[in-house]
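For reference, the chains in residue letters:
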Amino acid sequence: MTPLDPRGLVNRALLVGVSEYDLTEPPHGVPGDLPAVKHNLNRMREALVRGRVFGEREIEVARSPSLDDFGRALRAVAGEAEGVLLLYFAGHGAIPSAGDELFLQMRNASVVAGGHAVFPGAEMFTTVLTVLATSPARRIVVILDCCFAGNAARVWEHFDDKRRVMLLMSVQANHRTDAGDPREPTPFTAVLAALLDEDRDTTLSDLADRSRERMTALGLRTLRDDPWEPQLRTERGMDVLLRPGGGQDPSAPPPRPPVPTPPPGPTPPQGPFRAFPAVLLALARGLRAALTDRFRTPGPPRPSRRAVTRIVLAAGLLGLGLYGLPRWTGGDEAACAPPLELRVLTDPDLEPTVRAAADAYLTSGENTTGDGCRRTGVTVYSAGSSDVVDALRAQTGAWQEPRNEDVNPQRDIGPQPDVWIPASRADADRVEAGRDTDAVAALEPAEEPLAYSPVVLAVPDALSSEALDDRVGRPLSEMVDRLTARDGDAAVRRPDPEFTDTGLLATVGLYGADARAVARGERMVAQPGPPSPTAAELLCTLPDDDAVDHRTAALVPEFLLRSGVGCDATTRSTRYAQYPEDVPGVEPVYVRVRWRGADRDERDRDASADGFRDWLAGERGRAVFARDGFRSAYDRELLDAPRDGEHMLHAPTPLVESAGRDAMERALRAYRDAGGPGRVLFLLDSSGSMIGQWQGPSGGPGLLRQSLGGLGERDEYGVWAVAGTGGRPYGTLLGLGPHGRADAARALDAGARVRDAEADPHAALLAALDEMGERGDDRRPQLIVHITDGEDNGRLTGERLDDVLDRARATGVPVTVVSLQSGGCDPGRPDRRIADVSGGRCLDLGDDLGAALHDEVARTGTGEG
């Protein structure tokens, strides 16, 4: 997708640098002042001004603000930005022992250490994201230059309203960095500003890639002596231009898009009233901000207190009424009234295409008045498909007016939609079939879908078959059997059935109509770690390991084989599409959502919704879907013929019928049941060599504690301390059974310590596999987690390693190994071989260990504790 060019829009940047702290003395002080941060603010402001995206008056600098001052500044810029909103923070960052939150420490910050450290005077990054998400800005950019900046990635990943938020972090998770020379900017910001000064088109993703390359070339390292690697998190297709190239004068103002010439109007008055048009323009801007607040408010449109204040002040100015404003323009800006804003909610896999269609519609003739003004604005966002169905079915009252923190669709999904575009008509049927009697929203689905895309088995070139009868006309299970028959190492992956309809539609085929086939279907798509949330992310993660990429087929919508995904720079295996006969396809449908009480502008909103629907269903809307690789909703043929290098079939037959409401509900229930209460046994290396890997959130006990968030009260788990303590190769810290999380944490605090002994991973793993094998008759999901520094892997060679590998194959219990040594998971190493053979996962210092281990455990557990 083309990056957003925000020039000509109202852009805002807030540069926050905390170089001085009120409290730096032990025991509650922060580590110290940061004089280099003073230079950061000056350098970043200069670079942004020269970049010509932000005007000088659009950049606010906050030098060592208190927590309250920071909050006020953040809320102010969030409400004013329309194009891009940029927040830059440099200062101290802190994380609690669990590592699941990042705290940005302001001038009045302090530290209260202990089992659960707290940070008064610091702002949680979750809160920062929540405030930023209230902004009407089309793109939100956050740049963090602080210790532990990479820990913000986990917060971002679990933040529900992140669709517009792009996050650039100075360093990977759980790493501290050098504060730099006090006479110049910190190393990361120095690199960043230098790149922004280069006269070339620079997007945020480009900035992230080049800063990583530049810092590698400079040989910069973290305080753990690992390579210093900036990190980027964005949703697929999200990017923004931060510096246009072209050799223009850096002092020149940013170019504005052409605006329509207004029709002839009255001659502006002279003399004392010469400034009148400028005053009116200011009034128009105030009204626009007020009305923007109004249309950003979820539920029945109502002006906020802030909006009312703006309207009253604007009306009081010169004693003018709120109608009949002259069209004098005061320069080259047309005085268009703000258009009514449609809120369009869609499936995550559809969001890039729907967003591209909305962007095209905004500038179309159908959406433009004779005066050159827009009739309608469109805001596109997405949320997990199952969450949306549940909210529209049983939570519309809470969506319109949240009553508590437990059920709040405004927070978890987004504002109340005017339009919903699910990936299947069956979703609307599911809502209607189970809707509450007191629902405050009504659905009006269009009769016909907008387009069609089959869910295909995308098979790597090395495993594909060109025979037509292998590519069409067979059930999915048979296609998978034929694939594994060609290569015993072949695997199949599917996106999360609860997050996108693509995953759920694929699951309909995996399970079939036989309830006993659920376990077999899940084995077909078994993988280490949780499933990718979207089909696009699935295709992006496969190339992380060439061997996995070349032998793994993916269940994805066919259109992604043409439109591509947000990681196009990544080299991946070419894939052929196979068309299972029992997997329903993606059929986006336009659903008008009407909310009780939202009738103040009902006629205008209906006209806007109808106009967008007609455009999507018309020739130009179909062209957008065709460009992204969709098929006709009527004859299911490709709207554009296959292009060179595309391995799709123009008209495969047969293509399965549309998804049914009952089939999708049945598959979802079976999928949730298959992920019931689990059992996890942790082996914590407690030998003497672990002394340097024991303390803090990235130490052995800290990583174990973080992973407990993936376990609930119905799960069973236990912890063994692995060290030679007498006759057994381990000591029991926590017996295998159900536990409250607080009780488990107390047991770890009391018993987890380094022992003056060596570890015997061979004997401990055999004992753990036997223990889990004996308990496996109840068919609960099981997992063994081995956290080790690898120093005693000399006891895992030759016949001893073969013993462990054979036992792992026989019991079928996956073993996830967390290696606290660099390269511990390299091919051929014992930890990697054990994980691969058992169907587990090997994690080492190249991974975000806390987040990755949490996800592995959560895949086995229920996470309800």
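Let me sum up the structure you'll find in this document. Nothing here was measured: the structure is a model prediction, and the numbers come from that model. All chains use their own residue numbering, which begins from 1 and follows the written sequence. At least 70 in pLDDT is required for a residue's local features to be given in this predicted model, at least 80 for side-chain atom pairs to be given and counted, and no such filter applies to totals for whole chains, interfaces and linings, which use all residues. As a rule here, side-chain values cover all heavy atoms of the structure and leave hydrogens and water aside.

1. Observations concerning the state of the cysteines
Quick reminder of the rule: Working definition: a disulfide is two cysteine sulfur atoms within 2.5 Å of each other. Put simply, DSSP H or I for four residues or longer makes a helix, DSSP E for two residues or longer makes a strand, and each gets a number counted from the N terminus.
Inspection of the entire model under this criterion finds one disulfide. Across a sulfur-sulfur distance of 2.0 Å, Cys825 and Cys842 are joined as a disulfide pair. Taking the sign of the S-S torsion, -80° for the link of Cys825 and Cys842, the bridge is left-handed. Separated by 17 residues along the polypeptide, Cys825 in the loop between strand E25 (815-819) and helix H28 (830-838) and Cys842 in strand E26 (residues 842-843) bring together distant segments of the chain. Of all cysteine sulfurs, the one in Cys147 lies closest to Cys146, which takes part in no disulfide; the gap is 7.1 Å.

2. What to know about the packing of aromatic side chains
Put simply, the rule reads: Here a Phe, Tyr or Trp ring, Trp counted by its six-membered ring, pairs with any other such ring whose centre lies within 6.5 Å, and the pair is stacked when the planes are under 30 degrees apart, edge-to-face when over 60, and tilted otherwise. Only protein chains enter the area calculation, which uses a 1.4 Å probe; residues under 20% of their type maximum are buried, those over 50% are exposed, and those in between are partly exposed. Two conditions define a charge located above a ring, namely a distance within 6 Å from the ring centre to NZ of Lys or CZ of Arg, and an angle within 35 degrees of the ring normal.
One pass over the structure, following the stated rule, counts eight aromatic pairs. With 4.9 Å between their ring centres and 45° between their planes, Phe103 and Phe119 make a pair best called tilted. Of this pair, Phe103 sits in strand E5 (residues 103-105) while Phe119 sits in the loop between E5 and strand E6 (122-124), and the two are 16 residues apart along the sequence. Of the two residues examined, Phe103 and Phe119, each falls in the buried class. A centroid spacing of 5.1 Å and a plane angle of 50° characterise the contact between Tyr361 and Phe612, whose relative ring orientation is tilted. Separated by 251 residues along the polypeptide, Tyr361 in helix H9 (residues 351-362) and Phe612 in helix H21 (residues 602-617) bring together distant segments of the chain. For the pair formed by Tyr361 and Phe612, the shared burial category is buried. Counting every residue linked through ring pairs, the aromatic cluster contains Tyr361, Tyr590, Phe612 and Trp615. One cation-aromatic arrangement involves Lys162 over Trp156; the distance from NZ or CZ to the ring centre is 5.3 Å.

3. Regarding the pattern of salt bridges
Filter applied, for reference: The salt bridge criterion pairs a side-chain nitrogen of Lys or Arg with a carboxyl oxygen of Asp or Glu, the two atoms within 4 Å.
Within the structure shown, the criterion is met by 53 salt bridges. When the shortest N-O distance is used, the salt bridge between Glu478 and Arg474 registers 2.4 Å. Taking relative accessible area as the criterion, Glu478 reaches 29% and is therefore assigned partly exposed. Looking at Arg474, the relative accessible area reads 15%, which means it is buried.

4. Considerations on the sheet that holds strand E4 (residues 93-94)
Here is the rule: Strand pairing is assigned whenever DSSP identifies at least 2 bridges connecting the two strands. Any two residues having at least one pair of non-hydrogen atoms within 4.5 Å are treated as being in contact. Convention adopted: a line fitted to C-alpha atoms gives each axis, helices being fitted over their contacting stretch, and angles between N-to-C directions are expressed from 0 to 180 degrees.
Ordered in space as E4-E5-E6, the three strands form an open sheet in which the pairing is antiparallel. Every interior strand has two partners, whereas the edge strands, E4 and E6, have only one. Two elements, E5 and E6, share three bridges in a ladder whose sense is antiparallel. Bridged to Leu104 within E6 is Glu123. Of the strands in this sheet, E5 and E6 are in contact with helix H3 (residues 125-132), which crosses E6 at around 65°.

5. Focus: the nonpolar core
Note that soluble globular proteins tend to have their nonpolar side chains buried in a common cluster. In plain terms, the rule: Think of a nonpolar core as a cluster: buried Ala, Val, Leu, Ile, Met, Phe, Trp, Tyr and Cys residues, connected wherever their side-chain atoms sit within 4.5 Å.
One finds Leu86, Leu87, Leu104, Phe125, Val142 and Leu144 to be the most contacted residues of the largest nonpolar core, which totals 77 residues. For this core, the leading source of residues is strand E3 (residues 84-90), giving seven residues. Those residues in contact with Phe125 that lie beyond four places of it in its chain are Glu101, Leu102, Leu104, Val142, Leu144, Ala152, Val155 and Leu167. The next biggest cluster of nonpolar side chains, apart from the first, holds 74 residues, and it includes Ala426, Met524, Val548 and Met648.

6. Describing unusual backbone geometry
Although it is not a glycine, Ser64 adopts a positive phi angle of roughly 45°. Residue position: Ser64 is located in the loop between strand E2 (59-63) and helix H2 (67-80). Non-glycine residue Asn174 carries a positive phi angle of around 65°. Within the secondary structure layout, Asn174 lies in the loop between strand E8 (165-169) and helix H5 (187-197).

By themselves, these figures tell us nothing about what the structure is for.
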